[in-house]
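# Fold and geometry: a report
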Number of protein chains: 2
Amino acid sequence: MLNYSTSEENHIKAIFHLQKQDGTVTTNELANELNTKPASITDMMKKLKAKKLVNYQPYQGFRLTNDGNKVALGIIRRHRLWEYFLAEKLKFSWDEVHEVAEDLEHVSNKKLVDKLDEYLGFPRVDPHGDPIPDANGKIETTKKICLTDLPVNTPATVSSVSDQSSEILELLEHKKISIGTKLEIRKKFEFDHSMEIKIRQQAAFNISGQLAKNIFVKYGS
Amino acid sequence: MLNYSTSEENHIKAIFHLQKQDGTVTTNELANELNTKPASITDMMKKLKAKKLVNYQPYQGFRLTNDGNKVALGIIRRHRLWEYFLAEKLKFSWDEVHEVAEDLEHVSNKKLVDKLDEYLGFPRVDPHGDPIPDANGKIETTKKICLTDLPVNTPATVSSVSDQSSEILELLEHKKISIGTKLEIRKKFEFDHSMEIKIRQQAAFNISGQLAKNIFVKYGS
DNA sequence: GAAATTATTTAGTTTTGTCTAAAAATATTT
DNA sequence: AAATATTTTTAGACAAAACTAAATAATTTC
Ligand SMILES: [Mn+2]
Ligand SMILES: [Mn+2]
Ligand SMILES: [Mn+2]
Ligand SMILES: [Mn+2]
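Here goes a summary of the coordinates provided. (Residues numbered from 1 in each chain as written. Chains lettered and ligands numbered in written order. Predicted model: local features only at pLDDT ≥ 70, side-chain atom pairs only at ≥ 80, totals over all residues. Heavy atoms only, no water.)

On to the pattern of salt bridges. All names here are of chain A. Within the structure shown, the criterion is met by 26 salt bridges over all chains. We note a salt bridge from Glu-8 to Lys-47, for which the minimum N-O separation is 3.3 Å. Residue Glu-8 is located in helix H1 (residues 6–22), and its partner Lys-47 is located in helix H3 (residues 38–50); the two are separated by 39 residues in the primary sequence. Assessed through its relative accessible area of 37%, Lys-47 is described here as partly exposed. Note that Glu-184 is salt-bridged to Arg-186, the shortest N-O span being 3.2 Å. Connected via shared salt-bridge partners are Arg-77, Lys-110, Asp-114 and Asp-117. (Salt bridge = Lys/Arg side-chain N within 4 Å of Asp/Glu carboxyl O. Helix = DSSP H or I, 4+ residues; strand = E, 2+ residues; numbered from the N terminus. Buried < 20%, exposed > 50% of the residue type's maximum accessible area, 1.4 Å probe, protein only.)

Attention shifts here to the sheet that holds strand E7 (residues 205–207) of chain B. Residue and element names in this part refer to chain B. Judged by pairing direction, the sheet is antiparallel, and its six strands sit side by side in the order E3-E8-E4-E5-E6-E7 without closing on themselves. A strand with exactly one partner marks an edge of an open sheet, and here the two such strands are strand E3 (145–146) and E7. Across two bridges, E3 lies against strand E8 (residues 215–219) in antiparallel orientation. Across the sheet, the residue bridging to Cys-146 is Phe-216, located in E8. (Pairing = 2+ DSSP bridges.)

A word on the protein's contact with DNA strand C. In the vicinity of DNA strand C lie 20 residues, with Tyr-56 of chain A together with Ser-5, Thr-36, Ser-40 and Lys-47 of chain B positioned nearest. In the environment of DNA strand C, a phosphate oxygen lies 3.0 Å from a nitrogen or oxygen atom belonging to the side chain of Thr-27 of chain A. Within the side chain of Lys-46 of chain A, an N or O atom sits 2.8 Å from a phosphate oxygen of DNA strand C. Looking at the surface near DNA strand C, the elements that each hand over two or more residues are helix H2 (27–33) and H3 of chain A together with helix H1 (6–22) and helix H3 (38–50) of chain B. In the surface near DNA strand C, the residues fall into seven nonpolar, nine polar and four charged. (Near = heavy atom within 4 Å. Polar contact = N/O pair within 3.5 Å; in protein donor to acceptor, adjacent residues only side chain to side chain. Nonpolar A, V, L, I, M, F, W, Y, C, P; charged D, E, K, R; others polar.)

The next thing to look at is unusual backbone geometry. Within the chain, Asn-35 of chain A stands out as a residue other than glycine whose phi angle is a positive 50 degrees. The exposure class assigned to Asn-35 of chain A is exposed, which follows from its relative accessible area of 73%. Although it is not a glycine, Tyr-59 of chain B sits at a positive phi angle of roughly 70 degrees.

Laying chain B over chain A is done by rotating through 180 degrees and shifting 0.0 Å along the axis; what remains is an RMSD of 0.0 Å. In the structure described here, the two chain copies are related by an operation that fits a two-fold rotation axis. For chain B, the minimum C-alpha distance to the rotation axis belongs to Leu-104 of chain B and amounts to 3.7 Å. Interface overlap between copies is the fraction of interface residues in one copy that are interface residues in the other; for chain B against chain A it reaches 100%, indicating a shared surface. (Least-squares fit on C-alpha atoms with pLDDT ≥ 70 in both. Contact = heavy atoms within 4.5 Å.)

Take the interface of chain B and chain A next. Facing the 18 residues of chain B at the interface are 18 residues of chain A. Across the chain B to chain A interface the summed buried area is about 1,600 Å²; carbon plus sulfur atoms make up 71%. The largest contributions to the chain B side of the interface with chain A come from Leu-90, Lys-115 and Tyr-119 of chain B, which together make up 29% of the buried area. Viewed at the interface, chain A and chain B are joined by two salt bridges. The salt bridge partner of Lys-111 of chain A is Glu-96 of chain B, with a shortest N-O separation of 2.5 Å. (Buried area = accessible area lost by both parts, 1.4 Å probe.)

So, in structure tokens, the structure goes:
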């Protein structure tokens, strides 16, 4: 497999994440995501198209080709493995790992990554609960349910968290919620979208709609 | 401390290594070391001079300033810590670590490096026996003696190896010589600079002058 | 459906890091 | 001390990755 520049990789990864939601990605969306200007995106898309990593017709938006997708999964694999390493081995906290992994992910030595994976015991998810692609680019795709969409009185388990700030970490630690926590919603309040949730034997307590929006669960306990 | 580009870092590191031997480094030497052209070196030296990392007057060669030296030690610290990590934790062999560390050394996040150091147990030397600078840039400077310069019948301990090829590794493993091995020279042969050495209780055996040239020792056992 | 607005692309620059070819400085021979 | 050879620098070019400003296409509004 060929090697790509850091800039190319950052573009590919951003398209991958954006097209999850949108299907096809627009120039402005990507420019916004990468804190760059639309003109720069057009330039890069021409380049990635020439390398057959994106499908792109002027004014039509773009999406990754199969090859582009494979490249993206490689980058995401490296990113999440390093995040896991930083949290698990170096004891970085949850909100600090992303930034460092942004640099480490661009060291794309296959043997390094596969040995790191093995050393870490082939972890399935990163510290934020996001799945880690395996050496073949296979990634778990259990659809995650936003806590705001979970029905009342239905057992569920926290699977991931979308915001990665130290502020949300502080709040989650205070509420004793982390990935793997089993919970049920007792009551939802329409007015401010806050809700009352219950964890095991503990008394039910309240969380804001804003917090709930950033927590994802899967059914079952 | 400021951040430098990968190219700047590679130049700084190369000057550091070359000036160990030469005192002052020339344009051609550095171009040769970095597989680049003399004209490119001149350009970079102007830049590093402007950043006060090298002392340089046209046609006079160059050497690192105090600041340049500190930057170099930071790079070498990262390089050797990653080499140790790769060998010790990921079970890379001795001859494979350098190449991978060449990339990892440019991820210059202070907290990452210091936590890695701690995680590794503050190792003093890398897999090739070269000393690892501490967080303050302090580096052990025990003068290493080339095995060819060790007097006969004088107890010594292998401290480092300069060549890092898989070929020398194979030979050293076969001869059961590694860093920390205690040995004595029994006889030196002028003709081809080969020598007979003795390790502990084992029978004395012969090594070539070429091999001896790449082994460094310190006095004592 | 024309006008206004927004999104995207094009054209032309800039910075970084490299290169080649030519000029200039320095070192080595005779 | 010339002549020759070597080393280093300068000048000019190029590719990558970004930018600004202007032009053009697409979309939305009236
Ligand atoms: Mn991340
Ligand atoms: Mn993550
Ligand atoms: Mn090395
Ligand atoms: Mn080393």
